[in-house]
Amino acid sequence: DTILLVAAFGDSALRLTASDEIRAIVLADDATPTVATPGQVALRAPPPSPMPLNIAVKSVVTLFAGEGMGSGVLISSDGYILTNHHLAGSTGRVRVRWPDGTDTTGEVIRGDPRRDVALVKTEPKGAPLSIRAAPAQLGETVFAVGTPLDKQFANTLTRGIVSATRLIDGLPVIQSDVA
């Protein structure tokens, strides 16, 4: 179940970037101002490019929402974090713990309970992770970085492969053997 949840989160992030409109916003060059129309969020995100794992893990944060705790990833230079809706979606505010041990407050901007994704805005304390819009391929190496089970395990990194893609409740998910 955990593997499918992690894979679904990743797939949801990819699906958000599948829309030409969303891709234009997310993949906008930092030098180009982005404008959001009502109902949209403008993001300044780096162009997709390979990133060394020791740098990528610095984009991953631990979020605290009420009694809950989970992971999120900084996806834009202006402080937007992508996380799970079941963690942050209805809380309004979350505490964001950065890899350097400092905390900021984040505001939940949007959430989609069906896809289990939420967008949080805070003051960034690191470089964003670039988002690849291309779908994961069968047999491709994938990594999971996050805070499993307890805050002492923050920025745990593990590796696996994409073992399948499936439809669950009408939504496409990526199946992986990442622990």
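Bear in mind that the values here come from a model prediction, so they are computed numbers and not experimental data.

Asker: Honestly, a nonpolar patch on the surface in this entry has me stumped. Any pointers?
Answerer: Residues Leu-53, Phe-143 and Leu-157 make up a contiguous nonpolar surface patch of about 240 Å² in total accessible area. Within the secondary structure, Phe-143 is located in strand 7 (residues 141-146). Judged by relative accessible area, which is 41%, Phe-143 ranks as partly exposed.

Asker: What should I look at first to understand unusual backbone geometry in this one?
Answerer: One non-glycine residue, Asp-116, adopts positive backbone phi at about 55°. Of note, Asp-116 is situated in the loop between strand 5 (103-112) and strand 6 (117-121). Take Asp-116: its relative accessible area is 13%, and that puts it in the buried class. Of note in this structure, Asp-169 is not a glycine but carries a positive phi near 55°. Here Asp-169 is to be found in the loop between strand 8 (156-168) and strand 9 (171-176). Since its relative accessible area comes to 69%, Asp-169 is described here as exposed.

Asker: Looking at this structure, I do not really get the nonpolar core. What am I missing?
Answerer: If you look at soluble globular proteins, the nonpolar side chains tend to sit buried side by side. Of all hydrophobic cores here, the largest spans 12 residues; its members are Val-61, Leu-63, Ala-65, Leu-74, Ile-81, Leu-87, Ala-88, Val-94, Val-96, Trp-98, Val-108 and Val-120. Top element by residues in this core is strand 1 (residues 60-65). It accounts for 3 residues. Ignoring anything within four residues of it in the chain, the contact list for Trp-98 reads Val-61, Leu-74, Ile-81, Asp-103, Thr-104, Thr-122, Glu-123, Pro-124, Lys-125 and Gly-126. Val-60, Val-73, Ile-75 and Val-117 belong to the second-largest nonpolar core, a separate cluster that totals 8 residues.

Asker: I tried to follow the environment of Val-61 on my own but got confused; where do I start?
Answerer: Of note, Val-61 is situated in strand 1. What Val-61 contacts, discounting residues up to four positions off in sequence, is Gly-70, Ser-71, Gly-72, Ile-81, Val-96, Arg-97, Trp-98 and Pro-99.

Here is what the cut-offs are and how they apply
- Residues numbered from 1 in each chain as written.
- Predicted model: local features only at pLDDT ≥ 70, side-chain atom pairs only at ≥ 80, totals over all residues.
- Heavy atoms only, no water.
- Patch = residues over 30% accessible without salt bridge, like charges linked within 9 Å, V, L, I, M, F, W, Y side chains within 5 Å.
- Areas by Shrake-Rupley, 256 points an atom, 1.4 Å probe, with all protein chains shown as cover.
- Salt bridge = Lys/Arg side-chain N within 4 Å of Asp/Glu carboxyl O.
- Helix = DSSP H or I, 4+ residues; strand = E, 2+ residues; numbered from the N terminus.
- Buried < 20%, exposed > 50% of the residue type's maximum accessible area, 1.4 Å probe, protein only.
- Core = buried A, V, L, I, M, F, W, Y, C linked by side-chain atoms within 4.5 Å.
- Contact = heavy atoms within 4.5 Å.

All quantities given are derived from atomic positions and should not be read as evidence of function.
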